[in-house]
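In case you want the letters, here they are:
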Amino acid sequence: MRELNISIVGVPLDYGQSRRGVDMGPSAIRYAGAVERLKALGHEVCDEGDIQVSAVEKKPNPAERLKNLDEVVEANEALAQKVADIVKAGRFPLVLGGDHSIAIGTLAGLTQTYRNLGVIWFDAHADMNTAETSPSGNIHGMPLAVSMGYGHERLTTLFHNGNFIQPENLIIIGARSVDPGERELIQKLGITVFTMHEIDKYGMTAVMEKTLDHLKERAVDGVHLSLDLDGLDPLYTPGVGTPVDGGMTYRESHLALEMLQEAECITSAEFVEVNPILDEKNKTADVAVTLMGSLLGETLI
Ligand SMILES: NC(=[NH2+])NCCC[C@H](N)C(=O)O
Ligand SMILES: [Mn+2]
Ligand SMILES: [Mn+2]
């Protein structure tokens, strides 16, 4: 097993969507024992604390296409800088959300160093809306579009050196709620999506083998795993703001991450959308931590 120098960064941000509570995700994940679990596997772990997120009152503003744009930009700029510094120090960034808009900052930080980054996006959603296509105005539904250069200029230029994620380097796994504008962009860019249909039909083993083969063919120089806990079925992860029935099982998700561990390809990861207010006895954060274990070296025997 690879022994890593892991830097944990919490992002207590909930401005990328409308429900409060997901800002407490990092605390819930720490409480579930993330640091201890990873140390027990032999990794060196440094908890670098949380990114500062300014506290303002969330006011619905019907004229605002993108909700809380200033706050989302500010937190993501700080996160991008932090992630870039962690990578430059030769460490493995492990980012704890927070809503999924934080992937904008994580990916902007990573692409400072990685020129041909692969991204595995584990999610019920495609998160590929723009201001024009979004049904909600929630920025957590937009980070993938932004990371490929589509969307509001303040988001696409955030901490940016013009090095976007190549659409061919992106793989979405577990999708089952895709908006019309997202479907168009997926088709236009030829994004690889393994929806629940493909997972049901071929099984998770085949889906992960195809994912790994694809990234190898693309000759990526790093692979980021962005794991939205709503990718799993809400039976297992009820503490998320936008649950969608018919998701991946607990074992399918573990298998996927165990296969990524066996392939030793992941160079950074983030776990997002844990909302302890909506959760049942911290179940969703507990699942996030057991998944981190599988991703980073835990085996059943
Ligand atoms: N990261 C998430 N949970 N995203 C949910 C997005 C839901 C919907 N597609 C929207 O754009 O509003
Ligand atoms: Mn989602
Ligand atoms: Mn998401």
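Reading guide: rules and limits
- Numbers given for residues are sequential positions, taken from 1 along each chain in its written order.
- Ligands are numbered from 1 and chains lettered from A, in the order in which they are written.
- The model is predicted, so local features are restricted to residues of pLDDT at least 70 and side-chain atom pairs to those at 80 or more, both for listing and for counting; the totals for chains, interfaces and linings are taken over all residues.
- Neither water nor hydrogens contribute to the side-chain values; these are computed over all heavy atoms in the structure.
- Sodium, potassium and calcium take a 3.2 Å donor cutoff, other metals 2.8 Å, and in both cases only N, O and S atoms count; water is not among them, so sites may look incomplete.
- Secondary structure elements are defined from DSSP: runs of H or I of at least 4 residues count as helices, runs of E of at least 2 residues count as strands, and each element is numbered from the N terminus.
- Partly exposed describes any residue whose relative accessible area lies between the buried limit of under 20% and the exposed limit of over 50%, with all areas from a 1.4 Å probe on protein chains only and scaled to the type maximum.
- Nearness here has a simple test: a residue counts as near a molecule or strand if at least one of its heavy atoms is within 4 Å of that partner.
- Distance and chemistry together define a polar contact, namely a pair of N or O atoms within 3.5 Å, with one atom able to donate a hydrogen and the other to accept it when in protein, and with adjacent residues in sequence counting only for side-chain atoms on both sides.
- Every accessible area reported is derived by Shrake-Rupley at a probe size of 1.4 Å, with residue values counting cover from the shown protein chains alone.
- Only Asp, Glu, Lys and Arg are considered charged, only Ala, Val, Leu, Ile, Met, Phe, Trp, Tyr, Cys and Pro nonpolar, and every remaining residue, Gly among them, polar.
- In this scheme, a helix's expected span is set at 1.5 Å multiplied by one less than its residue total.
- Of all possible arcs, the one meant is that of the directions from the helix axis to the C-beta atoms.
- Contact between two residues is taken to exist if any of their heavy atoms lie within 4.5 Å; hydrogens are not considered.

Colleague: Break down the coordination of the manganese ion (ligand 2) for me, with residues and values.
Modeller: Taken together, the protein ligands of the manganese ion (ligand 2) are Asp123 (OD), His125 (ND1), Asp228 (OD), Asp230 (OD) and Asp230 (OD), with distances of 2.2 to 2.4 Å. Written as a sequence motif, the donor arrangement for the manganese ion (ligand 2) is D-x1-H-x102-D-x1-D. Separating the manganese ion (ligand 2) and the manganese ion (ligand 3) is a distance of 3.1 Å, and aspartate 123 donates to both of them. Taken together, the residues span a long stretch of sequence, with aspartate 123 in the loop between strand E4 (117-122) and helix H5 (143-147) and aspartate 230 in the loop between strand E7 (222-228) and helix H10 (250-263) at a distance of 107 residues. Taking the relative accessible area as the measure of exposure, aspartate 123 reaches 0% and is therefore buried. Using a relative accessible area of 1% as the deciding quantity, one classes aspartate 230 as buried.

Colleague: Lay out the coordination of the manganese ion (ligand 3) in plain terms, naming residues and giving numbers.
Modeller: Of the protein atoms, only His100 (ND1), Asp123 (OD), Asp127 (OD) and Asp228 (OD) coordinate the manganese ion (ligand 3), at distances of 2.0 to 2.2 Å. Read N to C, the donor residues that coordinate the manganese ion (ligand 3) are spaced as H-x22-D-x3-D-x100-D.

Colleague: Can you break down the site of ligand 1 residue by residue, with the values?
Modeller: As a structural note, the neighbourhood of ligand 1 is formed by 13 residues, with Asp127, Asn129, Ser136, Asp179 and Thr242 the closest of them. Aspartate 228 is positioned such that a nitrogen or oxygen atom in its side chain is 3.2 Å from a nitrogen atom of ligand 1. Look at ligand 1: alone it shows 350 Å² of surface, and the protein chains cover 93% of it. The residue inventory of the shell around ligand 1, partitioned by class, reads one nonpolar, seven polar and five charged.

Colleague: An account of helix H9 (residues 204-217) is requested, with residue identities and associated values reported.
Modeller: Taking 1.5 Å per residue as the helical rise, H9 with its 14 residues ought to reach 20 Å, and the 20 Å between its terminal C-alpha atoms agrees with that figure. What H9 keeps buried is the set Met204, Val207, Met208, Thr211, Leu212 and Leu215. For H9, the buried positions fall inside an angular range of 130 degrees around the axis, keeping them on one side. In H9, those exposed residues whose orientation departs by more than 90 degrees from the buried face are Lys216 and Glu217. The elements touched by buried residues of H9 are E4, strand E5 (170-175), strand E6 (192-195), helix H8 (196-202), E7 and H10.

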